[in-house]
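Each chain is listed here by its residues.
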Amino acid sequence: MHSDQGPYRELYQAILDYEGTGLAEDVVLPWARTQDAERRWFGALAAARVTEVPARTLEDCWRLYAMSRVCDLLRLGFARRPGHEGGWTIAVPPAAYDEFMAAFEMQPIVEPRFHPFFHEVVVVEQDAADDAPPRVLAEQWPGHMLGPLLFARAGVRVAAGRRHILKEVAEGSTLYWAYARNNRPAQDLSHGWGGNSQWRTRLRRDYAIAGEFFYNVDATPGPPDPEDDLTPDEWRELVRHRCFVRCAKPHGDRFPYDRSHREPRP
């Protein structure tokens, strides 16, 4: 663990250790109000004006990841799936989550049209028309930008035809670049490492800049896997959605972390 991650590691552990009924009021918000240096750091990122994908140090990406792991915990109460083995019991009120994110200059995502850059599929209502494009029905939790950097996607309930999203795939396939969910399997590069080493994980960086979307910009392509059974379109689906939404092939043992994508913003 890097020293910049120390405050987040302390909050993370305090959240896990808390046994009362007022997690937000007793732990989360008081912590946020004392983190002047961290709020200034996030504020500077939010205020930066960029015309191309900015370079970030490895330590910066670790620091962003540490915050994202805390936020993953805070969102756990917003979407539960009966029978899912996640079983996290952490919960904070939506208003407290909004206050926490605002303290670090996170801007809420306001995108009424569904797009995988901004939206994580949580619940699917299968449209009777197979060709019906995905549309947002309701928000399970808000998403946030940090300037042009996507910090966290909004979790949404969508309606869609089967040519676009399959309910039986999209609701339960492994979500990559995610530390924890209460509604589906989640996996990121911290999983499987020791208590300190796992914090040396980078936030996946996606950017909306100058009419384009840039996905997973820090990817370092690895050698082709001779046993790779995914088509280019299926890999693109996995990188854009961070999970499978149509592909019914095995989903729990993939390695999408070395793949990136770029596309025009519609």
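Refer to the preceding data block for the structure.
Residues numbered from 1 in each chain as written. Predicted model: local features only at pLDDT ≥ 70, side-chain atom pairs only at ≥ 80, totals over all residues. Heavy atoms only, no water.

**Considerations on the overall build of the protein**
Part 1 of the reasoning: A tally of regular secondary structure across the protein gives seven helices and eleven strands.
Part 2 of the reasoning: In terms of overall size, the protein behaves like a compact globule, its C-alpha atoms giving a radius of gyration of 18 Å where 266 residues would be expected to give roughly 18 Å.
Part 3 of the reasoning: Taken along its principal axes, the extent of the C-alpha atoms in the protein is 50 × 40 × 35 Å.
Part 4 of the reasoning: Per-residue burial over the protein gives 52% buried out of 266 residues.
Part 5 of the reasoning: Intrachain contacts of the protein at a sequence separation of at least 6 include 71% that bridge at least 24 residues.
Part 6 of the reasoning: Within the structure as shown, the protein displays about 12,700 Å² of accessible surface, and the carbon and sulfur contribution to it stands at 50%.
Part 7 of the reasoning: Averaging the locations of the 33 positively and 39 negatively charged side chains of the protein gives two centres separated by 3 Å. (Helix = DSSP H or I, 4+ residues; strand = E, 2+ residues; numbered from the N terminus. Rg over C-alpha atoms; globule rule 2.2 N^0.38 Å. Buried < 20%, exposed > 50% of the residue type's maximum accessible area, 1.4 Å probe, protein only. Contact = heavy atoms within 4.5 Å. Areas by Shrake-Rupley, 256 points an atom, 1.4 Å probe, with all protein chains shown as cover. Lys, Arg positive; Asp, Glu negative; His and termini not counted. Charge placed at Lys NZ, Arg CZ, Asp CG, Glu CD.)

**Comments concerning the pattern of salt bridges**
Part 1 of the reasoning: Scanning the model with the defined rule gives 23 salt bridges in all.
Part 2 of the reasoning: Where salt bridges share partners, they join Asp72, Arg75, Glu120 and Arg181 into one cluster. (Salt bridge = Lys/Arg side-chain N within 4 Å of Asp/Glu carboxyl O.)

**Observations regarding the environment of Asp26**
Part 1 of the reasoning: Turning to its location among the elements, Asp26 is positioned in helix α2 (residues 23–34).
Part 2 of the reasoning: Separated by 232 residues in the primary sequence, Asp26 and Asp258 place their C-alpha atoms 40 Å from one another.
Part 3 of the reasoning: At a separation of 2.5 Å, a polar atom in the side chain of Asp26 contacts the side chain of Tyr18. (Polar contact = N/O pair within 3.5 Å; in protein donor to acceptor, adjacent residues only side chain to side chain.)

**Topic: the nonpolar core**
Part 1 of the reasoning: By size, the foremost hydrophobic cluster in this structure holds 47 residues, and its most contacted members are Ile15, Phe42, Leu64, Met67, Phe100 and Phe151.
Part 2 of the reasoning: When contributions to this core are tallied by element, the ones reaching two or more residues are α1 (6–17), α2, α3 (36–47), α4 (58–74), α5 (94–103), β5 (149–152) and β9 (206–209).
Part 3 of the reasoning: Those residues within four positions of Ile15 in sequence are excluded, and the remaining contacts are Leu23, Val28, Val70, Leu73, Leu74 and Ile90. (Core = buried A, V, L, I, M, F, W, Y, C linked by side-chain atoms within 4.5 Å.)

**With respect to the sheet that holds strand β4 (residues 144–146)**
Part 1 of the reasoning: The six strands lie next to each other as β1-β4-β5-β9-β10-β11, forming an open sheet whose pairing is antiparallel. In this open sheet, the two strands that pair with only one neighbour each are β1 (107–108) and β11 (261–264).
Part 2 of the reasoning: In terms of strand pairing, β5 meets β9 through two bridges, oriented antiparallel. Its bridge partner being in β9, Leu150 is matched across the sheet by Asp206.
Part 3 of the reasoning: Together, β10 (212–215) and β11 form the strand contacts of helix α7 (residues 232–241), whose direction differs from that of β11 by roughly 80°. (Pairing = 2+ DSSP bridges. Axes fitted to C-alpha atoms, helices over the stretch in contact; angles between N-to-C directions.)

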